[in-house]
Amino acid sequence: MISSTMRNAVKPRLAARYASTMLDPSARLPRKKNTIINICGQNEEMIIERFGKFHRKQKPGVFACVPLIDRIPYRVDMRELTIPVHPQSAITKDNVSVELGGNIYIQFVDSYKAAYGAYQPIYAVSQHAQSAMRAIVGDTTLDELFHRRNEMNTYILQSLEAAAEAWGIKVHRYEITTVHTDPKIHDAMNKQAAAERQRREDVLHAEATKRTLILESEGKKEKLINESEGHKIETINKASADAEALRLSADAHRYQQEQEANGKAAALLEIGKALATEDGQHASRFTIAQKYLEEYGKIVNGSNTVVLPSNCDNVVDMVTKGMTMYDALKGTTGRT
């Protein structure tokens with residue numbers, strides 16, 4: 001009898017061997033030895049054959065198999081599995097050699113199809129993923145390869161789903177994990193990326209400079225507009241002030257002339273009243289004689305040659321003539 005210690009030591013090694021067999025793309029599905037009383041694990045399904053022909057699918061639990069008649073050729077792990085796809089060489093649309101690797105996330109959903117649909121179902125899925133990956137890389141440029149990973153993953157996933165259904169496999173997703181290029185291509189890509197970053201920096205700097213110049217020009221424009229508006233308002237205010245000053249000056253001049261005319265009229269009225277008296281007439285004669293002598297002196301002193309009437313030295317006669325003209329004018333005014 002095998003002790004419990006030995007059984008406990010053997011179980012991890014068997015589990016590790018089983019897991020490595022399932023994850024090896026080139027391996028077939030593992031089988032189980034018929035021990036008459038057998039146990040199917042919670043995460044497994046087993047295929048039972050009788051006389052070499054499919055008999056039934058065994059669900060988790062304890063079951064019995066007849067020796068020599070029944071056998072267990074396939075054990076199928078129904079959990080989700082991760083299958084690595086090692087880097088494979090491919091040529092891009094612009095003739096650049098690259099190596100791409102990834103992971104396939106699959107799950108067996110039909111143990112019958114997994115056992116009889118393909119000799120090596122995991123290997124078939126892995127090879128189909130590599131083929132689909134080469135196909136999509138051939139239609140993609142190197143630059144697009146780094147920006148269209150989601151589209152490439154979707155294309156490969158759809159291609160795998162259609163093929164893996166016949167093998168009882170559900171493909172959950174495919175992820176490209178590594179992209180390797182030639183060192184020279186890698187250096188060129190780094191230089192291109194650096195140049196692109198420099199170009200973007202230059203564009204941003206140019207945009208900032210352009211924005212600064214626009215803001216400065218708009219500021220100057222607003223300044224000129226404000227200055228012109230201020231000058232316009234100042235001119236209007238000055239013109240209004242000048243017009244108001246002229247109006248006030250004209251009113252003042254008119255008022256002055258009215259006052260002077262009123263004063264002269266009042267003075268003439270008083271003079272007229274004074275002349276109506278005898279004393280006023282004597283005063284007027286005296287004033288006329290005085291003015292006559294003053295003007296006569298100015299004429300004589302102002303020029304060497306003077307033309308004068310013959311009786312200019314007769315002051316009495318000149319005053320009498322002046323008073324006669326005044327009386328004539330007064331009489332005419334009275335009749336009017």
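From a predicted model like this one, the values you see are computed outputs, not experimental measurements.

**Focus on the sheet that holds strand 8 (residues 169-181)**
Here is step 1 of the chain: Pairing in this open sheet of three strands is antiparallel, and the strands run 6-7-8 from one edge to the other. Where the open sheet ends on each side, the last strands, each with one partner, are strand 6 (80-91) and strand 8. For this sheet the average axis-to-axis angle between neighbouring strands, irrespective of direction, equals 20°.
Here is step 2 of the chain: The strands touched by helix 3 (residues 121-138) within the sheet are strand 6, strand 7 (97-108) and strand 8, with strand 6 carrying the most contacts at an inclination of about 40°.
Here is step 3 of the chain: Relative to the sheet, helix 5 (residues 149-164) contacts strand 7 and strand 8, its axis offset from that of strand 8 by approximately 140°.

**Section: the nonpolar core**
Here is step 1 of the chain: Core analysis: the largest hydrophobic core is formed by 40 residues, its most contacted members being Leu100, Ile104, Ile106, Phe108, Val137 and Tyr174.
Here is step 2 of the chain: Broken down by element, the residue count for this core peaks at eight residues, all from helix 3.
Here is step 3 of the chain: Met46, Phe63, Cys65 and Ile72 belong to the second largest nonpolar core, which has six residues in total.

**Digging into the sheet that holds strand 3 (residues 53-58)**
Here is step 1 of the chain: Here three strands make up an open sheet; going across it, the order is 3-2-5 and the pairing antiparallel. At either margin of the open sheet sits one strand with a lone partner, and together these are strand 3 and strand 5 (70-77). Sheet twist, expressed as the mean angle between neighbouring strand axes with direction ignored, is 25°.

**Section: the packing of aromatic side chains**
Here is step 1 of the chain: Under the criterion given, the structure shown has four aromatic pairs.
Here is step 2 of the chain: Centre to centre, the rings of phenylalanine 54 and tyrosine 116 are 6.1 Å apart; their planes meet at 85°, and the pair counts as edge-to-face. With a gap of 62 residues between them, phenylalanine 54 in strand 3 and tyrosine 116 in helix 2 (residues 111-116) connect regions that are remote in the sequence.
Here is step 3 of the chain: Overall, phenylalanine 54 belongs to the partly exposed group, its relative accessible area being 32%.
Here is step 4 of the chain: For tyrosine 116, a relative accessible area of 33% gives the class partly exposed.
Here is step 5 of the chain: Ring pairing ties together the aromatic residues Phe54, Tyr74, Tyr112 and Tyr116, which thus form one cluster.
Here is step 6 of the chain: Taking the ring centre of tyrosine 105 as reference, the NZ or CZ of arginine 173 above it sits at 4.1 Å.

Conventions we followed
Residues numbered from 1 in each chain as written. Predicted model: local features only at pLDDT ≥ 70, side-chain atom pairs only at ≥ 80, totals over all residues. Heavy atoms only, no water. Pairing = 2+ DSSP bridges. Helix = DSSP H or I, 4+ residues; strand = E, 2+ residues; numbered from the N terminus. Axes fitted to C-alpha atoms, helices over the stretch in contact; angles between N-to-C directions. Contact = heavy atoms within 4.5 Å. Core = buried A, V, L, I, M, F, W, Y, C linked by side-chain atoms within 4.5 Å. Buried < 20%, exposed > 50% of the residue type's maximum accessible area, 1.4 Å probe, protein only. Phe/Tyr/Trp six-rings, centres within 6.5 Å; stacked < 30°, edge-to-face > 60°. Lys NZ or Arg CZ within 6 Å of the ring centre and 35° of its normal.

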